[in-house]
Amino acid sequence: MDELVATLRAARHVAVMTGAGASAESGIPTFRDAMSGLWSRFDALELATPEAFARDPALVWGWYEWRRMMALRAQPNAGHRAIAAMAAKVPRFTLITQNVDDLHERAGHDAVLHLHGSLHRPRCSVCALPHVSPPEIPAEPRNGRRLAPPACHRCGGPVRPGVVWFGEILLERTLRAAQLAAGECDVFFSVGTSSQVYPAAQLPQIAQHAGAVVVQVNPDRTALDDSARHNLRGQAGEILPRLVRAAWGDEATAAAS
Ligand code: BV8
Ligand code: ZN
């Protein structure tokens, strides 16, 4: 940890990329764990696709609305707050997330690169008109309920979740910004991701090839273990506050608690 603390204190630009594990301690199941109830007989990779939505919009919309309700009920955890504290301490900071919840924004970040979109930005699947979802869902989708998507106010087409599905391309502008940050930063954190989904999983590799110190925070091994300089084995909500405290003292973490 000492070498990493010294690196952090001297860093000009720190980039952090989070995955579902960063929201796990907020009670939001990780992507692979989100398949309970009705959806347990599906593979997430199968449901998170345009084909699944075309085949059975109510099944897919119900799954996303259930996940949106969980995100609305969740609170940022100590890991989210430690990342926000770090952002306030380094000269330049880039936050990249694969997650579709808004817990980083609620921990205080105003610029989050959402590589895979957001649960909170549904849009018409036909004319792309943004749709404003009610804060509470009338027929709240208990785990495992189908829910017909609303109709677009303008063209009547089915509203879809504002996420990037498998087989869909990421927003070019967002991906470019993330790739530039990965190629320019001194330290690249990969927090709570199984490092399996591309092109997100390429970002720590870009950082490493550009000479950045790559740090992984994950209780389990992932494909990134072999190339990360530091593998901090454990929960983000424990490891990150400890690291921020070691680098910048208690007032840094207090500011973020
Ligand atoms: C594209 C939104 C192409 C939806 C998501 C073969 C090789 C390479 C690539 C491919 C391939 N076959 C197909 C592809 C492409 C595909 C892909 O990468 N597939 C993978 C499965 C192999 N990628 C795509 O399709 C992308 N698009 O490539 O377009 C293209 C090009 C031109 C023209 C047209 C098309 C789009 C990918 C985006 C998919 N959408 N999300 C939704 O959320 O429902 S990705 C989805 O999966 C999640 O958002 C999340 O990002 C990802 C899951 O990954 P993780 O975040 O890592 O979550 P996971 O549960 O897996 O792991 C959690 C980790 O946390 C674990 O390691 C665990 O140990 C750890 N953890 C647990 N608790 C904690 C913790 N860590 C810290 N603290 C804790 N407390
Ligand atoms: Zn429309």
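See above for the structure.
Here we summarise the structure given alongside this text. No experiment lies behind these values; they were computed from the predicted model shown.

### A closer look at the pattern of salt bridges
For the structure shown, the criterion picks out 12 salt bridges. Across the pair R160 and E168 runs a salt bridge, and its minimum N-O distance is 2.7 Å. Several salt bridges share partner residues, and in doing so they unite R12, R92, E184 and D186 into one network.

### Brief notes about the coordination of the zinc ion (ligand 2)
The zinc ion (ligand 2) binds to the protein through C124 (SG), C127 (SG), C152 (SG) and C155 (SG); the donor distances cover 2.2 to 2.3 Å. Here the zinc ion (ligand 2) is ringed by 4 donor atoms whose angles at the metal span 101 to 119°, and the overall shape comes out tetrahedral. Each donor residue of the zinc ion (ligand 2) lies on one chain, and together they are spaced C-x2-C-x24-C-x2-C.

### Digging into the sheet that holds strand β2 (residues 92-97)
Spatial strand order, β3-β2-β1-β6-β7-β8: 6 strands in an open sheet with parallel pairing. Each edge of the sheet is formed by a strand with only one pairing partner; in this case those strands are β3 (112-114) and β8 (230-232). Adjacent strand axes in the sheet meet at a mean angle of 20°, parallel and antiparallel pairs treated alike. As judged from the 5 bridges shared by strand β1 (residues 13-18) and strand β6 (residues 187-191), these two strands associate in the parallel manner. Following the sheet pairing, T18 is matched in β6 by V191. The strands that helix α1 (residues 2-10) touches are β1, β6, β7 (213-217) and β8; relative to β8, the one it contacts most, it runs at about 110°.

### What to know about the packing of aromatic side chains
Given two aromatic rings, their pairing is described by the distance between the two centres and the angle made by the two planes. For the structure shown, the criterion picks out 3 aromatic pairs. When the centroid spacing of 5.5 Å and the interplanar angle of 35° are considered together, the rings of F53 and W165 count as tilted. Note that F53 is positioned in helix α4 (residues 50-55) and W165 in the loop between β5 (159-163) and α8 (172-184), a separation of 112 residues in sequence. Assessed through its relative accessible area of 7%, F53 is described here as buried. When its relative accessible area of 3% is taken as the criterion, W165 is described as buried. The rings of F53, W63, Y64 and W165 are connected pair by pair, giving a single aromatic cluster. R67 extends its terminal NZ or CZ atom over the ring of W63, reaching a point 4.6 Å from the ring centre. Lying over the aromatic face of W165, R160 brings its terminal NZ or CZ to 4.0 Å of the ring centre.

### Brief notes about the pairing of β6
Within β6, 5 of the 5 residues are buried, which leaves the element mostly enclosed by the surrounding structure. Neither face of β6 is open: one carries V187, F189 and V191, the other F188 and S190, and all of them are buried. Pairing of β6 with β7, which is carried by 5 bridges, proceeds in the parallel orientation. By the bridge assignment for β7, F188 is matched with V214.

### Re the site of ligand 1
Of all residues adjacent to ligand 1, which total 33 residues, the nearest are Y64, V164, G167, S194 and Y198. Between an oxygen atom of ligand 1 and a main-chain N or O atom of Q98, the distance comes to 3.2 Å. Between G167 and ligand 1, the recorded distance is 2.7 Å, taken from a backbone N or O atom to an oxygen atom. Out of a free accessible area of 1500 Å², ligand 1 has 73% covered by protein chains. Elements with a contribution of two residues or more to the shell around ligand 1: α2 (21-24) and α5 (57-73).

Definitions and limits used
Residues numbered from 1 in each chain as written. Chains lettered and ligands numbered in written order. Predicted model: local features only at pLDDT ≥ 70, side-chain atom pairs only at ≥ 80, totals over all residues. Heavy atoms only, no water. Salt bridge = Lys/Arg side-chain N within 4 Å of Asp/Glu carboxyl O. Donors = N, O, S within 2.8 Å, 3.2 Å for Na, K, Ca; no water. Tetrahedral: all angles 85-135°; square planar, octahedral: opposite > 155°, others 65-115°. Pairing = 2+ DSSP bridges. Helix = DSSP H or I, 4+ residues; strand = E, 2+ residues; numbered from the N terminus. Axes fitted to C-alpha atoms, helices over the stretch in contact; angles between N-to-C directions. Contact = heavy atoms within 4.5 Å. Phe/Tyr/Trp six-rings, centres within 6.5 Å; stacked < 30°, edge-to-face > 60°. Buried < 20%, exposed > 50% of the residue type's maximum accessible area, 1.4 Å probe, protein only. Lys NZ or Arg CZ within 6 Å of the ring centre and 35° of its normal. Near = heavy atom within 4 Å. Polar contact = N/O pair within 3.5 Å; in protein donor to acceptor, adjacent residues only side chain to side chain. Areas by Shrake-Rupley, 256 points an atom, 1.4 Å probe, with all protein chains shown as cover.

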